[in-house]
Amino acid sequence: MRYNFNQIEKKWQEYWAKNQTFKAENNSEKPKYYVLDMFPYPSGAGLHVGHPLGYIASDIYARYKRHKGFNVLHPQGYDSFGLPAEQYAIQTGQHPALTTEANINRYREQLDQIGFSFDWIREVRTSEPDYYKWTQWIFIQLFDSWYDFESEKARPISELEEIFAAEGNSGVNAACDDDVEQFTVTQWNNFSSEEKQKQLLKYRLTYLAETEVNWCPQLGTVLANDEIVNGVSERGGYPVIRKKMTQWSMRISAFAERLLQGLNELDWTESLKESQRNWIGKSVGALVEFKVQGSEFKVPVFTTRPDTIFGVTFMTLAPEHELVEKITTPEHKSEVEAYVQATAKRSERERMADVKTISGVFTGAYAEHPFTKEPVPIWIGDYVLAGYGTGAVMAVPCGDQRDYEFAKHFDLPIRNIFENVDISEEAYSGKEGTVIANSDFLDGLEYKAALQKAILELEKIGQGKGKTNYRLRDAVFSRQRYWGEPFPVYYVEGLPQMIEKEHLPLRLPEVEKYLPTETGEPPLGNATDWAWDTEKNEVVENSKIDHKTVFPLELNTMPGWAGSSWYLFRYMDPQNEERFASEEALEYWENVDLYIGGSEHATGHLLYSRFWTKFLKDRGFLPVEEPFKKLINQGMILGTSAFVYRLEGENKFVSKKLSEAHNVQPIHADVSLVNASDELDIEGFKKWRPEFADAEFVTEDGKYIVGREVEKMSKSKYNVVNPDDICENYGADTLRMYEMFLGPLEQAKPWNTAGITGVHNFLKKLWKLYHDEDNKIIVSDGKASADSLKTLHKTIKKVTEDIESFSFNTSVSTFMICVNELSAQKCHFREVLEPLAILIAPYAPHISEELWEKLGHDTSVTTAAYPVYEEKFLVESTKEYPISFNGKMRFTLELPLDMSKDEIEKTVLAHEKTQQQLDGRVPKKVIVVPGKIVNIVG
Ligand code: ANZ
């Protein structure tokens, strides 16, 4: 074989590892550039060809930036805590650390084969104690902080204590729990230390609270909103119910406005920014207070439409609203209780998604309209969500569709207060109009003016004020799992205490079983040594717990997103034992310049890491406010599944054509058992699964033809293509270029192994340009032709533009055209082939290293400067003149563009073809337009 890719690729992979070619320096004269991939969860299945797509794109860019003179940081690691390893441990009893380690080793082998330019010295693993020590440390910092809306930043909790001791809490504008009560300086000073701790917990950025959570019984854990899809768990598809539990939460809602504003500075796609904006869900409106008739109670509601206050004909509370129990009249009690119980079974998502079912009950109580003082019946209904706004609405059937449907259904009054809104129309919801409600202050006002005026009047009577609301909820941070970061927390009298920094990491204990305990405690409840000795500052046996010096430790662990929220900073200085990263490293690298990963992280990981970054910046631990400056989502690579057709109830398969005439059940066949002409390897298929060993096959012309369908690439669909096989058969350089060639990076595209030979042949052709028939290098030092220089420079121009705009698929085709042209020109000149080897190095790094070495270099091609495009090679120096006789074009003639008029005339007349045309006649006139035409008359 002339182009021996297996040998070449192995050689250079070893060279890069040995020479630490991709080691990034933490200070350098060069400008810095940080390219990051979303690090993988090392699953047992290994990588398929869909996984490396984004890694290849970022690797091309990282390599390109090195050629361009940047000090590039391009690290890789593993998000190695998580559910699958734990579930495997439950099934097999194998420690998750062992399976994780084995999976990581497999991933590493696969990644190494593809020739990535990762700086492996900086590898991080979120499940390693020297990493999670800092995740625990960040948790402690959050516990030690509160959010001040005045200065719009997180501040140390000690400063809040000082404020309380100096002026009480009435002047504090902080993010806090809803049930905070006001206290004076004297009251604060008289609080016991326990009471003080309880008060502070209501302000801390991570806090313990009884919250309504998404509980998944089958998984035995709480899930975050973004871990639930269509009402079931994203992982496993199990039902999720709502349940009250004491949980650690993160006060991310304090950062809502900054998370929203920060988006404006980011170079992310609009669609991604939009999904974060929706998730944050800012609404500007008012808080209006309704008094409950005949009681002390008040119902606050959040509305975006205070202008509709005169259209209120009833109120609706969420069934979970705390007032429901208190205001329901005895006659309605049993009906209300039954309804509350029934709705508890439905998840919030389900309730939001369901716009058809109308259900609710009357509480028997009435509120008083703030202006008209008329009685307003109070209902409960599950279209009102407990977790949004105040969990109660002022219902306006003329302005809100759901209120309208509810009123219709229960025959409640509907009052149109708008001059120009027709509520008999189907979709009038959200329409704005001039108010005509017999109100002395709103009538005649248009929407905006009415809105402002209503708030003003509500403020006057002390029953309302302007309010901005966010849909973003605080994030539940506890999981009832084993394989996650332990909280650095022990409990004294039920109150959480932090373990001091110098005693971290708090290591995950050994347990017998990875399941919850018999009493329903999380798996850490199975550990026999899980108590904190505050004198020795170490973990001791549970039997030593005396609640004097030895205390119980927290049994929950942190969620999957803890470790991934800050990993980008650890890569900057991964071995640091004193700090999560040194100040110098953080100052130098700042944040990620280019981040590539899947779009499924739009609202989870990407929002949480922005939150932690802002927090760490506020507390002076980071110099930047945002983690990822530019972000690209790679599209999914789809698999081409293969189907065989089993006759209903029989162990007999019919070929594709015959399948239409029968009652068949399509079954996935492994794509490795099918050739490029869709023919099934019947014997292989029989061996593949024991139940098919005796199956019969009805063929077409002796062949069993499978059906094909494009689906998500996944192990369960037997359509995965293994990158190892591609590397073995065609080489990593072919794999890299082919993955890019498939189509635009951000689009979904099907994998088709048959297409790979085209790219492979291209690389062989590239090899041939540099070699003779005997596989000897034939590059010479002479002068290349103008054509070859033109080919080279137009390639430099196009490929550079393409890389800069992340259009990698079009660069691959540009390379193909370039190599075709140079081959046709028989160009073997160093002047052209040397720059070409550098140009292609980011895409096909192994072959270009080999060619570079053969060209006589003793340093890696990665150190070579990127070729510079020169316009002059593209400028035409000659012109193909059409030569006409009496206006008729007869032939063309190539002449230099700088020839004078006279010279052109002489040259044309002297040409033999002109002589032939004239056939002895003397032309009357010769018209020459330089750079355009020559016309001979006569
Ligand atoms: C009266 C009104 C009149 C409303 C009108 C709308 C139109 P966004 O924009 O999503 O913030 N709402 C408030 N809290 C709710 C809850 N917990 N569950 C369900 N709906 C709730 O929507 C705010 C609007 O949604 C509020 O304004 C309230 O209905 C409703 F012509 O109040 B509105």
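See above for the structure.
Here's a quick rundown of the structure. It should be emphasised that the depicted structure is a prediction, and the values quoted were computed from it without experimental measurement.

## As for the packing of helix α23 (residues 732-741) against helix α28 (residues 845-854)
So, point 1. α28 packs onto α23 with a crossing angle of 125 degrees between their chain directions and a minimal axis gap of 7 Å. Judged by the angle between their axes, α23 and α28 are oblique. Side by side, α23 and α28 meet where A732, D733 and R736 of the first sit next to P845, H846 and I847 of the second.
So, point 2. Within the contact of α23 with α28, the residues separate by chemical class into three nonpolar, one polar and two charged.

## Notes on the state of the cysteines
So, point 1. Within the structure shown, the criterion is met by zero disulfides.
So, point 2. Free of any disulfide, C818 has its nearest neighbouring cysteine sulfur in C827, separated by 8.9 Å.
So, point 3. Take C818: its relative accessible area is 1%, and that puts it in the buried class.

## Notes on the pairing of strand β4 (residues 153-156)
So, point 1. Two elements, strand β3 (residues 145-148) and β4, share four bridges in a ladder whose sense is antiparallel. Considered in β4, the bridge of D148 is made with K153.

## A look at the site of the ligand
So, point 1. Within the structure, the ligand sits among 17 residues, and S283, T303, L385, Y388 and R471 are positioned closest to it.
So, point 2. Measuring from a nitrogen atom of the ligand, one finds a backbone N or O atom of L385 at 2.8 Å.
So, point 3. Surface burial for the ligand is 83%, taken as the share of its 650 Å² of free accessible area covered by protein chains.
So, point 4. Only β11 (298-303) and β15 (392-395) provide two or more residues apiece to the shell around the ligand.
So, point 5. Tallied by class, residues from the shell around the ligand come to eight nonpolar, six polar and three charged.

## Some remarks on the nonpolar core
So, point 1. Counting residues in hydrophobic clusters, the biggest one holds 94 residues, and the most contacted among them are W248, F477, F580 and W612.
So, point 2. The element best represented in this core is helix α5 (residues 129-143), accounting for nine residues.
So, point 3. Two domains each provide a minimum of three residues to this core, namely domain 1 (20-123 + 563-633) and domain 2 (145-203).
So, point 4. One finds Y33, Y55, C827 and Y866 within the second-largest nonpolar core, a separate group that totals 85 residues.

## Points about the environment of K798
So, point 1. Relative to the elements of secondary structure, K798 occurs in helix α25 (residues 786-804).
So, point 2. Take K798: its relative accessible area is 31%, and that puts it in the partly exposed class.
So, point 3. For the pair K798 and S117, spaced 681 residues apart in the sequence, the C-alpha separation amounts to 24 Å.
So, point 4. Leave out the neighbours within four places in its chain, and K798 touches T810 and T814.

## Here we look at the side chain of T308
So, point 1. Within the secondary structure, T308 sits in the loop between β11 and β12 (314-317).
So, point 2. Filtering out sequence-adjacent residues up to four positions away, T308 remains in contact with M394, V396, I417 and F418.

## As for the sheet that holds strand β31 (residues 878-885)
So, point 1. The strand order across the open sheet formed by four strands is β32-β31-β34-β33, and the pairing between neighbours is mixed. This sheet does not close on itself; its edge strands, each paired only once, are β32 (888-896) and β33 (925-929). Here the strands of the sheet are splayed against their neighbours by 20 degrees on average, with no regard to which way each runs.

## Observations concerning the side chain of D533
So, point 1. Looking at where D533 falls in the secondary structure, it is placed in strand β20 (residues 531-533).
So, point 2. Looking at D533, its side chain comes within polar contact range of the main-chain nitrogen of E535, at 2.8 Å.
So, point 3. Among the polar contacts made by the side chain of D533, one reaches the main-chain amide nitrogen of K536 at a distance of 3.0 Å.
So, point 4. Beyond its immediate chain neighbours, meaning those up to four positions away, D533 contacts E538, V540, T549 and V550.

## Examining the environment of I417
So, point 1. By the element assignment, I417 lies in the loop between α14 (401-410) and α15 (447-460).
So, point 2. For I417, a relative accessible area of 1% translates into the label buried.
So, point 3. Separated by 18 residues in the primary sequence, I417 and V435 place their C-alpha atoms 5.7 Å from one another.

## Topic: the sheet that holds β20
The strands that make up a sheet are held in pairs by hydrogen bonds between backbone atoms, and each pair lies either parallel or antiparallel.
So, point 1. Here we have three strands laid out as an open sheet, ordered β21-β20-β22, and antiparallel in their pairing. Only two strands of the sheet have a single neighbouring strand rather than two, namely β21 (538-540) and β22 (550-552). Along the sheet, successive strands turn relative to each other by an average axial angle of 40 degrees, direction set aside.
So, point 2. Bridge count between β20 and β22: three bridges; the pairing is antiparallel. Across the sheet, D533 pairs through a bridge with V550, a residue of β22.

## Details of the pattern of salt bridges
So, point 1. Scanning all chains against the criterion turns up 44 salt bridges.
So, point 2. The shortest N-O distance in the salt bridge between K32 and D593 comes to 2.9 Å. Of the two residues, K32 sits in strand β1 (residues 32-37) while D593 sits in the loop between α18 (583-589) and β23 (594-597), which places them 561 residues apart along the sequence.
So, point 3. For D593, a relative accessible area of 12% gives the class buried.
So, point 4. Salt-bridge contacts for K794 lead to E821; the nearest nitrogen and oxygen are separated by 2.9 Å. With a gap of 27 residues between them, K794 in helix α25 and E821 in helix α26 (residues 808-824) connect regions that are remote in the sequence.
So, point 5. What emerges from the salt-bridge pattern is a single network uniting R258, R610, K614, D618, E625 and E626.

What counts, and at which threshold
- Residues numbered from 1 in each chain as written.
- Predicted model: local features only at pLDDT ≥ 70, side-chain atom pairs only at ≥ 80, totals over all residues.
- Heavy atoms only, no water.
- Axes fitted to C-alpha atoms, helices over the stretch in contact; angles between N-to-C directions.
- Helix = DSSP H or I, 4+ residues; strand = E, 2+ residues; numbered from the N terminus.
- Parallel < 35°, antiparallel > 145°, perpendicular 65-115°, else oblique.
- Contact = heavy atoms within 4.5 Å.
- Nonpolar A, V, L, I, M, F, W, Y, C, P; charged D, E, K, R; others polar.
- Disulfide = S-S within 2.5 Å.
- Buried < 20%, exposed > 50% of the residue type's maximum accessible area, 1.4 Å probe, protein only.
- Pairing = 2+ DSSP bridges.
- Near = heavy atom within 4 Å.
- Polar contact = N/O pair within 3.5 Å; in protein donor to acceptor, adjacent residues only side chain to side chain.
- Areas by Shrake-Rupley, 256 points an atom, 1.4 Å probe, with all protein chains shown as cover.
- Core = buried A, V, L, I, M, F, W, Y, C linked by side-chain atoms within 4.5 Å.
- Domains from an automatic or database assignment.
- Salt bridge = Lys/Arg side-chain N within 4 Å of Asp/Glu carboxyl O.

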